[in-house]
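Fold and contact review
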Amino acid sequence: PFKRYVEIGRVALVNYGKEYGRLVVIVDVIDQNRALVDAPDMVRCQMNFKRLSLTDITIDIKRVPKKKTLIAAMEAADVKNKWENSSWGRKLIVQKRRASLNDFDRFKLMLAKIKRGGLIRQELAKLKKQNAAC
Amino acid sequence: MAPSQKTAKVCRNPDLICGVGKFSRSKMYHKRGLWAIKAKNGGVFPRHDKKPAEPAAAEKPPKFYPADDVKKPLLNKRKPKPTKLRASITPGTVLIILAGRFKGKRVVFLKQLTSGLLLVTGPFKINGVPLRRVNQAYVISTSTKVDISGVNVEKIDDRYFAKQAEKKKKKGEGEFFEADKEEKNVLPQEKKDEQKTVDAALIKSIEAVPDLKIYLAARFSLKAGMKPHELVF
């Protein structure tokens, strides 16, 4: 029934708090509720499991590795690319892009949507005509 | 007196501690050179006699004594500071006007006038907003900038927007109805020409950016799902 397990080396997404949206690696388990968590650009800290969303990605590390070992293991497992190519990762990138749109960008987006809708309707009309003809 | 070089103020009797000087009274007497002044004056300290007092100008008794003591209001020496321009508003920024006749219009910012108001133009050909003054508080600044280097707005000032002084009309009884009908506010030709010159260079730089012209022609409005506090302008 469960596919993603809390284990040492599991990559998780922080979904609450100051580090919202950051990818971290579970580096040790403290007790039933908390894990020791680490990422290449942050100080190692403890987090409640409720704050983490587990991903499919794991890396191969021993319990509480040194920062250098952690970074090396992340490079080896190619976490960054795997994440950015996964559908979850891609959705997040799109969300961020949409949130950062300028007023002018939103206007251009509206024009593009209208244009696309127009093209689709043209094709649909063609197909309808073909169907009606036969 | 001709302005002389200011020598740094030297303290003759520095404080050892608050209230206690380094030198005693007799030492200070010597330091100040009072002995030399006395010697110059023949053993006595120089005295100056009082100058003969000028006779005070005869004051007339006031014509009017007010019945009650009325307090005079205190003097107001306040000088208003020049309005601070928001950091996000620079010449060439596209602004969204939020109130008034042109609410929702996207407009190009030209410069800040001495009164603190922002000088802004449509351009007129694009969205019907002429050279106009607008208050910073009624404006959202977007991060879209237009190249404004070819535009010269040095001549335009607050006086450009002042109301024309009306000529005094003589009161004629029978002419009341006719006089009212003749008052038409026609824009003087100079203002129209000024608008054209300012807009000519602007429109060129606007057409250089794709879609910017249609963008400026459209009005801004909040649609479903748009949360203003989450929008990036």
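Fair warning: this is a prediction, and the values are worked out from it, not measured in the lab.

Let's shift gears to the environment of Ile206 of chain B. Its place among the elements puts Ile206 of chain B in helix H5 (residues 189-207). Setting aside its immediate chain neighbours within four residues, Ile206 of chain B contacts Val108, Pro123, Ile126, Val146, Leu212, Lys213 and Leu216 of chain B.

Residue and element names in this part refer to chain A. One pass over the structure, following the stated rule, counts 15 salt bridges over all chains. With its nearest N and O atoms 2.7 Å apart, the salt bridge here joins Asp28 to Arg63. With Asp28 in strand S2 (residues 23-29) and Arg63 in the loop between strand S5 (52-58) and helix H1 (67-77), this residue pair connects regions lying 35 residues apart in the sequence. Judged by its relative accessible area of 14%, Asp28 is buried. Arg44 is the partner of Asp38 in a salt bridge, and the nearest nitrogen-oxygen pair spans 3.5 Å. Through salt bridges with shared partners, a single network forms among Glu19, Arg22 and Asp41.

Below, the discussion takes up the interface of chain A and chain B. In this complex, chain A contributes ten residues to the contact, which on the side of chain B involves 18 residues. Summed over both partners, the interface of chain A with chain B buries about 990 Å², with 59% contributed by carbon and sulfur atoms. For chain A, the biggest contributors to the area lost against chain B are Asp103, Phe104 and Phe107 of chain A; these three give 53% of the whole. Counting across the interface, chain A meets chain B through one salt bridge. For Arg106 of chain B, the salt bridge is made with Asp103 of chain A, and the minimal N-O distance between the two is 3.1 Å. Per-element tally for the side of chain A that touches chain B: the top contributor is helix H4 (residues 103-133) of chain A, with six residues. Classifying every residue of the side of chain A that touches chain B by side-chain character gives five nonpolar, two polar and three charged.

Now for the pairing of strand S4 (residues 42-48) of chain A. Residue and element names in this part refer to chain A. In the sheet, strand S3 (residues 34-39) pairs with S4 via five bridges, with the strands oriented antiparallel. Within the sheet, the bridge partner assigned to Arg34 lies in S4 and is Asn48. The hairpin turn running from S3 into S4, its antiparallel successor, is two residues long.

Scanning the model with the defined rule gives five aromatic pairs over all chains in all. Judged by centre distance (4.6 Å) and plane angle (40°), the rings of Phe104 of chain A and Tyr215 of chain B are tilted. Taken together, the residues span two chains, with Phe104 of chain A in helix H4 and Tyr215 of chain B in helix H6 (residues 212-217). Assessed through its relative accessible area of 6%, Phe104 of chain A is described here as buried. Judged by centre distance (5.1 Å) and plane angle (80°), the ring pair of Tyr160 of chain B and Phe161 of chain B falls under edge-to-face. Ring pairs connect the aromatic residues Phe104 and Phe107 of chain A together with Tyr215 of chain B, which therefore count as one cluster. Above the ring of Phe23 of chain B, the side-chain terminus of Lys31 of chain B is found at 4.4 Å from the ring centroid. The ring centre of Tyr160 of chain B lies 4.8 Å from the NZ or CZ of Lys191 of chain B, which sits over that ring.

Where strands meet in a sheet, backbone hydrogen bonds hold them as pairs that are either parallel or antiparallel. Residue and element names in this part refer to chain A. What the five strands build is an open sheet, ordered S4-S3-S2-S1-S5; its pairing is antiparallel. Looking at strand neighbours, the two that pair on one side only are S4 and S5, the edges of this open sheet. Adjacent strand axes in the sheet meet at a mean angle of 40° when their direction is disregarded. In this structure, strand S1 (residues 10-14) lies alongside S5, joined through four bridges in antiparallel fashion. The residue of S5 that forms the bridge with Val14 is Leu52. Of the strands in this sheet, S2, S3, S4 and S5 are in contact with H1, which crosses S3 at around 75°.

Scoring rules and cut-offs
Residues numbered from 1 in each chain as written. Chains lettered and ligands numbered in written order. Predicted model: local features only at pLDDT ≥ 70, side-chain atom pairs only at ≥ 80, totals over all residues. Heavy atoms only, no water. Helix = DSSP H or I, 4+ residues; strand = E, 2+ residues; numbered from the N terminus. Contact = heavy atoms within 4.5 Å. Salt bridge = Lys/Arg side-chain N within 4 Å of Asp/Glu carboxyl O. Buried < 20%, exposed > 50% of the residue type's maximum accessible area, 1.4 Å probe, protein only. Buried area = accessible area lost by both parts, 1.4 Å probe. Nonpolar A, V, L, I, M, F, W, Y, C, P; charged D, E, K, R; others polar. Pairing = 2+ DSSP bridges. Phe/Tyr/Trp six-rings, centres within 6.5 Å; stacked < 30°, edge-to-face > 60°. Lys NZ or Arg CZ within 6 Å of the ring centre and 35° of its normal. Axes fitted to C-alpha atoms, helices over the stretch in contact; angles between N-to-C directions.

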